[in-house]
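# Architecture at a glance
For reference, the chains in residue letters:
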Amino acid sequence: EAQACLDPLKQKLDEVTFTETKNKKRQDALLNKLDKHKADQARFNAEADKKVTEADKTMREIQNIHLRQKARVAKREEAERKVAQAQQQKMPESEVQLLQQTIDELSPEILRVTSELEQKQDRLSELGPEMNRSKRAYAEATRRLDHICNIRQQKMRTIKDRLGKLGNEAEKFWQWLEKDDGLNRGSFKHTIHGPVALEVSVTDPEMSHVVESSIGNNILTAFVTECDADYRLVRTELKRLNCKNMVLNIEGGRMKKSTHNYQPQVLKALEEHGISKYVEDYIECTDAVRQGVRDHCNVDGIVIGNARTLASLKTRGPELNELLMNNASKQSVLCVPRLECNRV
């Protein structure tokens, strides 16, 4: 009786804990996203302001250098004029030497300032392309972001189309997971996989029907967790959303060693009859999903045949049956897709 009373309380505690954790993680994620956005905005503005400030400062420096240079050139020209005048009027040698000294002092300074002025002008010329590059980089980043968004939207449309074929319940829970850019996924300790139909890719389109039939709709619409805590939380949320999807828990998301139905030497003998692969050989998915499918379906036990298999069944049926039945480690299932006009 005590245990019966504790179970609902424990479930309620899990629900409350899940809700609190979810809300806190959602709030933290939103705050982090906002802070990152503000930081990026501040950094961009600071960089832009820095470029503008540097350009303004360089312009002012160039103007000041121009004024000082103009004064130096005027002073040197005045000295040169006086030297020429002194030579004509035969002024005292001391005054001529003084004027020549002024010219000699001003000439290197004028050259130095001219060089500095050229450097400033070069820097000003560099700032223009830098700002243009920044604008182009920003435009390119925006274009890439739009491209990524378009790809994501296309992917989402494809996923929703596939989800629509699985039923409303799988779609409802998946949309809850993806809400606010997948924010709810942050409420779990590990990745939530599923529904399985979205996680599984069939390497040969002609085998799609075989794979789907072998797995079955209950597993195709199931979700896969990697720990008990996530398993309980997913079950709780599915119940809240009134969804009846199965939840497969694969501890640690690890895949166990496959228990194929036939030993390699037997499978090699079956190749003579056109049988060389299992259903799972046509499946690509994560380890957690593969193990979940293995645990609940016979994908590593069902062998696939072809037209040669059909011929063997007609001409060497007893031999093939004996090979299949007597060497199987578990239930023996042979699947031979009938291909007509390149369609299953």
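Given the structure is predicted, the values throughout are model-derived calculations rather than measurements.

Analysis parameters
Residues numbered from 1 in each chain as written. Predicted model: local features only at pLDDT ≥ 70, side-chain atom pairs only at ≥ 80, totals over all residues. Heavy atoms only, no water. Helix = DSSP H or I, 4+ residues; strand = E, 2+ residues; numbered from the N terminus. Buried < 20%, exposed > 50% of the residue type's maximum accessible area, 1.4 Å probe, protein only. Contact = heavy atoms within 4.5 Å. Areas by Shrake-Rupley, 256 points an atom, 1.4 Å probe, with all protein chains shown as cover. Pairing = 2+ DSSP bridges. Phe/Tyr/Trp six-rings, centres within 6.5 Å; stacked < 30°, edge-to-face > 60°. Core = buried A, V, L, I, M, F, W, Y, C linked by side-chain atoms within 4.5 Å. Arc of directions from axis to C-beta. Salt bridge = Lys/Arg side-chain N within 4 Å of Asp/Glu carboxyl O. pLDDT = per-residue confidence, 0-100. Lys, Arg positive; Asp, Glu negative; His and termini not counted.

Here we come to the overall build of the protein chain. Broken down by element type, the protein chain carries 11 helices and seven strands. In the protein chain, buried positions account for 32% of the 344 residues. Within the protein chain, contacts between residues separated by at least 24 positions form 77% of all contacts whose residues are at least 6 apart in sequence. Counting every atom, the protein chain has about 22,300 Å² of accessible surface; 51% of that belongs to carbon and sulfur.

Taken in spatial order, the three strands make up an open sheet running β4-β6-β7, and their pairing is mixed. Each edge of the open sheet carries a strand with a single partner, namely β4 (277-278) and β7 (333-335). In terms of strand pairing, strand β6 (residues 302-304) meets β7 through three bridges, oriented parallel. Opposite I304, over in β7, you have C335 as the bridge partner.

This paragraph deals with the side chain of S312. Relative to the assigned elements, S312 resides in helix α10 (residues 307-315). Judged by relative accessible area, S312 falls into the buried class, the value being 5%.

In this section: the packing of aromatic side chains. Under the defined criterion, the tally for this structure stands at three aromatic pairs. Both rings, one in F173 and one in W176, keep their centres 5.6 Å apart while their planes meet at 20°; by these two values the pair is stacked. Of this pair, F173 and W176 both sit in helix α3 (residues 168-182), three residues apart, which is roughly one turn of that helix. For F173, a relative accessible area of 0% puts it in the buried group. Here the aromatic cluster, defined as three or more aromatic residues joined through ring pairs, consists of F173, W176, F188 and F223.

By the criterion of burial, helix α9 (residues 287-296) is predominantly enclosed, with seven of the 10 residues buried. Along α9, the residues classified as buried are A288, V289, R290, Q291, G292, V293 and R294. Looking at the buried side of α9, the elements it contacts are α4 (196-199), α5 (208-215), α6 (217-220), β2 (223-225), β3 (247-249) and β5 (283-284).

Below, the discussion takes up the nonpolar core. Counting 23 residues, the largest nonpolar core has V196, I215, V279 and V293 as its most contacted members. Every element with two or more residues in this core is listed here: α4, α5, α6, α9 and β6. Those residues within four positions of V293 in sequence are excluded, and the remaining contacts are V196, I215, I219 and V299. One finds F188, L238, C243 and V247 within the second-largest nonpolar core, a separate group that totals 12 residues.

Quick look at unusual backbone geometry now. Look at the link from G194 to P195: it is a cis peptide, with omega at -5°. Within the secondary structure, P195 is located in the loop between α3 and α4. A positive phi is found at N242, a non-glycine position, where the angle reads about 60°. By secondary structure assignment, the location of N242 is in the loop between α7 (228-240) and β3. For N242, a relative accessible area of 56% translates into the label exposed.

Here we come to α5. If you check which residues of α5 are buried, you get V210, V211, S214 and I215. Across the axial projection of α5, the buried residues extend over an arc of 120°, all falling on one side. Phi turns positive one or two residues past the end of α5, at G216, with a value near 90°.

Quick look at the pattern of salt bridges now. Here the structure, examined in full by the defined rule, presents five salt bridges. The partner of R316 in a salt bridge is E272, with the nearest N and O atoms 3.0 Å apart. Note that R316 is positioned in the loop between α10 and α11 (317-326) and E272 in the loop between α8 (264-270) and β4, a separation of 44 residues in sequence. When its relative accessible area of 45% is taken as the criterion, E272 is described as partly exposed. In this structure, E280 and R290 form a salt bridge, with 3.6 Å as the shortest nitrogen-oxygen distance. Here the residue E280 occupies a position in the loop between β4 and β5, and R290 occupies one in helix α9, the gap between them amounting to 10 residues.

Bringing the confidence of the model for the protein chain into the picture now. Scored by pLDDT, the protein chain has a mean of 76; 69% of the residues are at 70 or more. Contacts of residues 340-344 to residues separated by more than four positions or lying in other chains number seven contacts, the stretch itself having pLDDT below 50.

Let us now look at the side chain of D230. By the element assignment, D230 lies in helix α7. The buried charged residue D230 lacks any salt bridge, with K189 as its nearest oppositely charged partner at 6.6 Å. Ignoring sequence-local partners within four residues, the contact set of D230 consists of F188, K189, H190, I192 and T225.

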